[in-house]
Amino acid sequence: MSLDNATVAKIARLARLRIDEAALAPMAKELNGILDFVAQLEQVDVTGVAPMTSTVAMKLRWRADEVTDGGNAEKVTQNAPNAESGFFTVPKVIE
Amino acid sequence: MDGFTIAGARDRLTKGDLSARELTQTAIKAMEAARPLNAMITETADKALDMADAADARRKSGEAGLLNGIPLAIKDLFCTEGVLTTAASHILDGFHPPYESTVTANLWKAGAVMLGKANLDEFAMGSSNETSFYGPVKSPWRRRDDNAGLVPGGSSGGSAAAVASGFALGATGTDTGGSIRQPAGFTGIVGIKPTYGRCSRWGIVAFASSLDQAGPMTRTVRDAAIMLRAMAGFDAKDSTSVEAPVPDYEAALGQSLKGLRIGIPKEYRVDNMPAEIETLWQQGIAWLRDAGAEIVDITLPHTKYALPTYYIVAPAEASSNLARYDGVRFGLRVPGKDLTDTYERTRAEGFGAEVRRRIMVGTYVLSAGYYDAYYLKAQKVRTLILRDFEEAFGKVDAILTPTAPSTAFAVGAKTNDPVEMYLNDVFTVPVNLAGLPGMSVPAGLGSDGLPLGLQLIGKAFDESTLFRVGEAIERAANFTARPEKWWEAAR
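Since this is a predicted model, take the numbers as computed values, not measurements.

Trainee: What exactly am I supposed to notice about the overall build of chain B here?
Mentor: When helices and strands are counted, chain B shows 16 helices and 11 strands. Relative to the globule expectation of 23 Å for 491 residues, the C-alpha radius of gyration of chain B, 21 Å, shows essentially globular dimensions. The C-alpha extent of chain B, read off along each of the three principal axes, is 65 × 50 × 50 Å. Every one of the 491 residues in chain B was classed for burial, and the buried ones make up 67%. When the accessible surface of chain B is split by element, carbon and sulfur atoms take 49% of a total near 15800 Å². Counting 52 positive and 57 negative side-chain charges, chain B places the centres of these two groups 1 Å from one another.

Right under this line is the structure:
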């Protein structure tokens, strides 16, 4: 399986990574190198094998569904590149 | 700082012939002298002195904890309240967490002193500490008769350099595929990745959540035992934290190895592996046999599939974890013509080449139509890798292997071929995939004069056996080599 430039552009779009036209071919080459490497897994017979969900057998804990935190808008937004009155701001998304 | 270990400093601090302030002042001076190594992204000298004074006050009032007054470097992947936390990425520019990671909070509760935040590969993705936005870390070690700059290994390269050069008595690391053990091996120090679930992941910048574990990097096995005890413990804030008591690991030290069975897996060899690594491994086997252990040949047949499995699972989880860096909530924002363009520009500029590459691989293997062929298949192979270990641990108590297939390499030597770089982790990655504890212990020098480590792999939650066997190797190897302090002249 080999990725072409169009597929690389599509993956970049899904990953929200801007990629210049000129960078597509080199990125395709790198990704194909990695995909060729992982293709070794095709040799492994996994018939009847369950996919791993946890290395250590453990039951997920339950907790009460209740409010334990809140009222920290200022703390939550203090690292935002652009915040106003306790809100995150983004470019306009509705026309 | 050279003569100090955590255990040695603890004894002198307890006796009172050394204060935490004096020790910390010496450490800060050594840290400043070691700046040519680029081991630290942020130095926190003032905070360190405040913490040292508080430690001295606690000592006076009889409230000294396990690490009271011990100066440590903290990998800059741990969120530290009010102190810049970068993950060595441009995308976290200016991020000052309003909270403290559980592991660092545990260390401060035990009385430790923070010297600063250590350099690393960006988002812990790398094996040489060359992908950091803040520049590569230089190893304190150099080849015999050769001044070429070497890598300290990665991703915990700054932590390794901080301990190996001598200014920090210990450092925190994180290990997703070998990021504690490989740099520990490259720099002649001890590093342990505990069992998955032993140390809380809460407040550690996430890379691959099913593989990430924090652990200590120190000069001696005893120091690692002391530091891990302080770091570990159940935390309700991490859903995969394990509710099990943390033993006094130091108590395991010094016990005889009589009756212990040590497994030697025949698959832990790669093409073109230097003969001296095989020789060191055989030496390690002889040491353990002399110490009373029984040596058992074992097989871990799926070992060769661990790296390809890892390079599906880790990028997949990373692509999901790193989706949060959107230029809206923290760090860098590069304005675009609309919201999507803002996301795309911010992420393209904020992430370095290796991180972008892994996000792309991860996005692809999780995308519609490919999930079963890649991700699901990899998770099934992962089950087989764990099963190999479970079968082996029916016959043995611990496993001995080399830590890495080479000594440290030159800065820039492996940056052109990602897959070649990945091969560094061939012996460490299976341990993460199976969630087991693994420790690297310095065992000797290669013909080039650089340190070589041996790796011990244990049963889940049986770190105590690793400390017990690791100390036997440490004692037999009598590894006393230290790097020459060329960086002091380099200033």
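Trainee: Honestly, the packing of aromatic side chains in this entry has me stumped. Any pointers?
Mentor: Residue and element names in this part refer to chain B. Summed over the entire model, instances satisfying the criterion amount to 16 aromatic pairs over all chains. Judged by centre distance (5.3 Å) and plane angle (85°), the rings of F133 and Y134 are edge-to-face. Within the aromatic cluster, the residues linked to one another by ring pairs are F95, F123, Y325, F330 and F351. Over the aromatic face of W202 sits the side chain of K237, whose NZ or CZ is 3.9 Å from the ring centroid.

Trainee: Hey, could you run me through the packing of helix α7 (residues 221–231) of chain B against helix α15 (residues 463–477) of chain B in this one?
Mentor: Pairs of packed helices are described in terms of their axes, by the angle between the two and the distance that separates them. Residue and element names in this part refer to chain B. In the contact formed by α7 and α15, the axes pass within 9 Å of each other and the chain directions differ by 160°. When the interaxial angle is binned, α7 and α15 end up roughly antiparallel. Two secondary-structure elements touch here, α7 through V221, R222, A224, A225 and L228 and α15 through E463, F467, G470, E471 and E474. Considered class by class, the residues forming the contact of α7 with α15 number five nonpolar, one polar and four charged.

Trainee: So what exactly am I meant to see when it comes to the state of the cysteines here?
Mentor: Put plainly, a disulfide is one covalent bond tying together the sulfur atoms of two cysteines. Applying the stated criterion to the full structure yields zero disulfides over all chains. Here B:C79 stays free of any disulfide, with the sulfur of B:C199 as its closest cysteine sulfur at 16 Å.

Trainee: In this structure, what is going on with helix α2 (residues 21–38) of chain A? I would like to understand it.
Mentor: Three or four residues apart is the spacing at which side chains of an α-helix point the same way, because the helix has 3.6 residues per turn. Taking 1.5 Å of rise per residue, the 18 residues of α2(A) would be expected to cover 26 Å, and the 26 Å separating its terminal C-alpha atoms lies within 8% of that figure. Residues of α2(A) that are buried include every one of A:L24, A:M27, A:A28, A:L31, A:N32, A:I34, A:L35, A:F37 and A:V38, and no others.

Trainee: How should I be thinking about the environment of B:D388 in this particular structure?
Mentor: All names here are of chain B. Relative to the assigned elements, D388 resides in helix α12 (residues 372–392). Overall, the relative accessible area of 9% leaves D388 in the buried class. For the pair D388 and T299, spaced 89 residues apart in the sequence, the C-alpha separation amounts to 7.7 Å. Residues in contact with D388, not counting those within four places in the same chain, are L300, P301, H302 and T303.

Trainee: Honestly, the side chain of B:S319 in this entry has me stumped. Any pointers?
Mentor: All names here are of chain B. With respect to the helices, strands and loops of the structure, S319 is situated in helix α9 (residues 306–321). Engagement of the side chain of S319 in a polar contact is seen with the backbone oxygen of A316, the distance being 2.9 Å. Setting aside residues up to four positions removed in sequence, S319 forms contacts with I359, G362, T363 and L366.

Trainee: I'm lost on the interface of chain B and chain A in this one. Help?
Mentor: Accessible area lost upon the coming together of the parts serves often as the stated size of an interface. Counting residues at the interface gives 69 residues for chain B and 47 residues for chain A. Taking both sides of the interface into account, the surface hidden between chain B and chain A amounts to around 5000 Å²; carbon and sulfur atoms contribute 70%. Remark: the boundary between chain B and chain A carries three salt bridges. If you look at where chain B meets chain A, you find 18 residue pairs in polar contact (both at pLDDT 80 or more). The residue makeup of the side of chain B that touches chain A, split by class, is 35 nonpolar, 17 polar and 17 charged.

Trainee: What's the story with α7(B) in this structure? I'm lost.
Mentor: All names here are of chain B. With nine of 11 residues buried, α7 is to be regarded as a mostly interior element. The set of residues buried in α7 consists of V221, D223, A224, A225, I226, M227, L228, A230 and M231. Backbone geometry just after α7 places G233 at a positive phi near 140°.

Trainee: Looking at this structure, I do not really get the pattern of salt bridges. What am I missing?
Mentor: When their charged atoms lie close together, side chains carrying opposite charge are able to pair. Residues and elements named next belong to chain B. All told, the structure shown has 25 salt bridges over all chains when counted by the stated rule. In this structure, the salt-bridge partner of R10 is D11, at a minimum N-O distance of 3.8 Å. With relative accessibility at 21%, the residue R10 sits in the partly exposed group. Among the salt bridges present, the one from R229 reaches D248, with a minimum N-O distance of 3.5 Å.

Trainee: Would you take a moment to explain the pairing of strand β3 (residues 113–118) of chain B for this structure?
Mentor: Note on strand geometry: in a regular strand, side chains alternate between the two faces of the sheet. Residue and element names in this part refer to chain B. The element β3 is extensively covered by neighbouring structure, given that six of its six residues are classed as buried. Where strand β1 (residues 40–43) lies against β3, three bridges are found, and the strand directions are antiparallel. Following the sheet pairing, T42 is matched in β3 by K117. Examined bridge by bridge, strand β2 (residues 71–75) and β3 share five bridges and lie parallel to one another. Following the sheet pairing, P71 is matched in β3 by V113. The β-α-β motif built from β2, the intervening helix α4 (residues 102–109) and the parallel element β3 has right-handed crossover chirality.

Trainee: When you look at the sheet that holds strand β8 (residues 294–298) of chain B in this model, what are you seeing that I'm missing?
Mentor: All names here are of chain B. As summarised here, the arrangement of the 11 strands in space is β1-β3-β2-β4-β6-β5-β10-β11-β9-β7-β8, forming an open sheet in which the pairing is mixed. At either end of the open sheet lies a strand with only one pairing partner, and these are β1 and β8. Shown here is a sheet whose adjacent strand axes are inclined to one another by a mean of 30°, direction ignored. Here strand β9 (residues 398–402) pairs with strand β11 (residues 451–458) via five bridges, running antiparallel. Paired with P402 across the bridge in β11 is L454.

Trainee: Sorry, what's going on with the nonpolar core here?
Mentor: Within soluble globular proteins, side chains that are nonpolar generally end up buried alongside one another. Counting 187 residues, the largest nonpolar core has B:L67, B:L107, B:F123, B:F389, B:L400 and B:F467 as the members making the most contacts within it. Once you skip the residues sitting within four places of it in the chain, B:L400 turns out to touch B:I262, B:G263, B:I264, B:P265, B:W281, B:G284, B:I285, B:L288, B:L454, B:Q455, B:L456 and B:I473.

Calculation rules
- Residues numbered from 1 in each chain as written.
- Chains lettered and ligands numbered in written order.
- Predicted model: local features only at pLDDT ≥ 70, side-chain atom pairs only at ≥ 80, totals over all residues.
- Heavy atoms only, no water.
- Helix = DSSP H or I, 4+ residues; strand = E, 2+ residues; numbered from the N terminus.
- Rg over C-alpha atoms; globule rule 2.2 N^0.38 Å.
- Buried < 20%, exposed > 50% of the residue type's maximum accessible area, 1.4 Å probe, protein only.
- Areas by Shrake-Rupley, 256 points an atom, 1.4 Å probe, with all protein chains shown as cover.
- Lys, Arg positive; Asp, Glu negative; His and termini not counted.
- Charge placed at Lys NZ, Arg CZ, Asp CG, Glu CD.
- Phe/Tyr/Trp six-rings, centres within 6.5 Å; stacked < 30°, edge-to-face > 60°.
- Lys NZ or Arg CZ within 6 Å of the ring centre and 35° of its normal.
- Axes fitted to C-alpha atoms, helices over the stretch in contact; angles between N-to-C directions.
- Parallel < 35°, antiparallel > 145°, perpendicular 65-115°, else oblique.
- Contact = heavy atoms within 4.5 Å.
- Nonpolar A, V, L, I, M, F, W, Y, C, P; charged D, E, K, R; others polar.
- Disulfide = S-S within 2.5 Å.
- Expected span 1.5 Å × (residues − 1).
- Polar contact = N/O pair within 3.5 Å; in protein donor to acceptor, adjacent residues only side chain to side chain.
- Buried area = accessible area lost by both parts, 1.4 Å probe.
- Salt bridge = Lys/Arg side-chain N within 4 Å of Asp/Glu carboxyl O.
- Pairing = 2+ DSSP bridges.
- Right-handed = clockwise from strand over helix to strand, strands pointing away.
- Core = buried A, V, L, I, M, F, W, Y, C linked by side-chain atoms within 4.5 Å.

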